[in-house]
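Tertiary structure, described
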Amino acid sequence: MSAEVDALTVVNQLRDLAADPLNRRAIVEDQGCLPGLILFLDHPNPQVVYSALLAVRYLAECRANREKMKGELGMMLSLQNVMQKSTSPGETKLLASEIYEILQSAGKEEAEQAEAAAASCRRKAQFFLGSNNKRAKTVVLHIDGLDDSTRRSLCEEALLKIRGVISFTFQMAVKRCVVRIRSDLKADALGTAINSTKVMKAQQVVKTEDGGELIMPFQEDSAVVVEENTDIPDYLPEEESPSQEQDKAVTRVGSVTDGMGWLNTAANFLTRSFYW
């Protein structure tokens, strides 16, 4: 296995661990993981950079992490480099900009952050719930037919082809996918792409005024033109991706023991790769 594949494997595992709110504090407090993620932001492989940004964005969901992340050596400078690099894909720049804005505001409202810290870190893993970047929005999909890793792989391929999709995560237990998209992209485009697989059907989950949920089908007769995305690099195929195993699903809560065991392995890899 090449060093580049090793790096991609490690950063993908860190991304999946960071998706669980119960792991976020431990990852940031670890002496090797956060500095390693920062080094991954300067990696020549765009897949590694994008996956590292997703991990950092997850970690920033926990308000208690933001001050330390902002002060970590090289964090803000590396984010700026990604934003300014001419070879960075558009969605990668957008994600780096969103993280930069979140961390830049850290410390300005300390009282509010302290009050919300505990609740923030206990939240279920939902991708990019905040409204820190007005150019992006979150869409929650309920997907009939999202039953196994094969269907998940088909869904990933369909979403990755859409220009304007920033990131997404799956909640396999409830057949849902939380998608972060640009504000100018219509949610119907997501439904059209997933429905085109012929084995899955997507519906949008909308919050009601009383806090409940309403599942709304997309218009079947609506002619939505889906613009294909050619900028963002492909993810690893499911058979190569360490996140394929169901017991390591990114939305699983309560896997602290397993996660911390792998966290030690990741820290050892980062130490071996980047430190003397």
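Residues numbered from 1 in each chain as written. Predicted model: local features only at pLDDT ≥ 70, side-chain atom pairs only at ≥ 80, totals over all residues. Heavy atoms only, no water.

**Considering the sheet that holds strand 1 (residues 136-144)**
Sheets are built from strands paired through backbone hydrogen bonds, the pairs being either parallel or antiparallel. As a reminder, the rule being used: A pair of strands is considered paired only if DSSP assigns at least 2 bridges between the two. Each helix is a run of H or I in the DSSP string that is no shorter than four residues. Each strand is a run of E no shorter than two, and both are numbered from the N terminus. Helix axes are fitted only over the stretch in contact, all axes being lines through C-alpha atoms; the angle between N-to-C directions runs from 0 to 180 degrees. Here a residue-residue contact requires only that any non-hydrogen atoms of the pair lie within 4.5 Å.
In spatial order, the strands read 2-3-1-4-5; together these five strands make up an open sheet with antiparallel pairing. If you trace the sheet from one side to the other, it starts and ends with strand 2 (165-171) and strand 5 (213-217), each paired once. Averaged over all neighbouring strand pairs, the angle between strand axes comes to 30°, with direction disregarded. Here strand 1 pairs with strand 4 (residues 201-207) via five bridges, running antiparallel. Residue pairing in the sheet places His 142 in a bridge with Gln 203 of strand 4. Along the sheet, helix 7 (residues 90-104) makes contact with strand 2 and strand 3 (176-182), crossing strand 2 at roughly 75°.

**What to know about the confidence of the model for the protein chain**
This is how the line gets drawn: Here pLDDT means the predictor's own confidence in every residue, given as a number from 0 to 100.
Per-chain confidence: the protein chain averages 77 in pLDDT, with 67% of residues scoring 70 or above. Across residues 124-132, confidence stays below pLDDT 50; counting only partners more than four residues off in sequence or on other chains, it has 29 contacts. Predicted confidence for residues 233-257 stays below pLDDT 50, and this span has 51 contacts to residues more than four positions away or in other chains.

**Quick look at the nonpolar core**
Keep this limit in mind: In this description, a nonpolar core means a group of buried Ala, Val, Leu, Ile, Met, Phe, Trp, Tyr and Cys residues linked to one another through side-chain atoms lying within 4.5 Å. Residue exposure (1.4 Å probe, protein chains only): buried if accessible area is under 20% of the type maximum, exposed if over 50%, otherwise partly exposed.
Counting residues in hydrophobic clusters, the biggest one holds 41 residues, and the most contacted among them are Leu 37, Leu 53, Met 69, Met 75 and Leu 79. Every element with two or more residues in this core is listed here: helix 1 (3-18), helix 2 (24-29), helix 3 (33-40), helix 4 (46-60), helix 6 (75-84) and helix 7. Looking at which element gives the most residues to this core, the answer is helix 4, with 11 residues. Grouped together as the second largest cluster of nonpolar side chains are 25 residues, Val 139, Ala 158, Val 165 and Phe 168 included.

**Considering the state of the cysteines**
Using the following cut-off: The disulfide criterion used throughout: a pair of cysteine sulfur atoms within 2.5 Å.
Here the structure, examined in full by the defined rule, presents zero disulfides. Cys 155 takes part in no disulfide bond, and the closest cysteine sulfur, belonging to Cys 177, lies 5.1 Å away. When its relative accessible area of 0% is taken as the criterion, Cys 155 is described as buried.

**Let's talk about the environment of Phe 218**
For Phe 218, the location among the structural elements is in the loop between strand 5 and helix 11 (256-274). Separated by 26 residues in sequence, Phe 218 and Thr 192 place their C-alpha atoms 8.2 Å apart. Ignoring sequence-local partners within four residues, the contact set of Phe 218 consists of Leu 141, Ala 187, Asp 188, Gly 191, Ala 202, Gln 203 and Gln 204.

**Description of the side chain of Asp 30**
Stated precisely, the cut-off is as follows: Only four residue types enter the charge count, namely Lys and Arg as positive and Asp and Glu as negative; His and the chain termini do not. Salt bridges, as used here, are contacts in which a Lys or Arg side-chain nitrogen is within 4 Å of a carboxyl oxygen on Asp or Glu. Polar contact criterion, stated in full: a pair of N or O atoms within 3.5 Å, where within protein one must be able to donate a hydrogen and the other to accept it, and residues adjacent in sequence count only if both atoms are side-chain atoms.
Tracing the backbone shows Asp 30 in the loop between helix 2 and helix 3. The side chain of Asp 30 sits in the buried core without any salt bridge; Lys 68 is the nearest counter-charge, 9.8 Å away. One polar contact links the side chain of Asp 30 to the main-chain amide nitrogen of Gly 32, over a distance of 2.8 Å.

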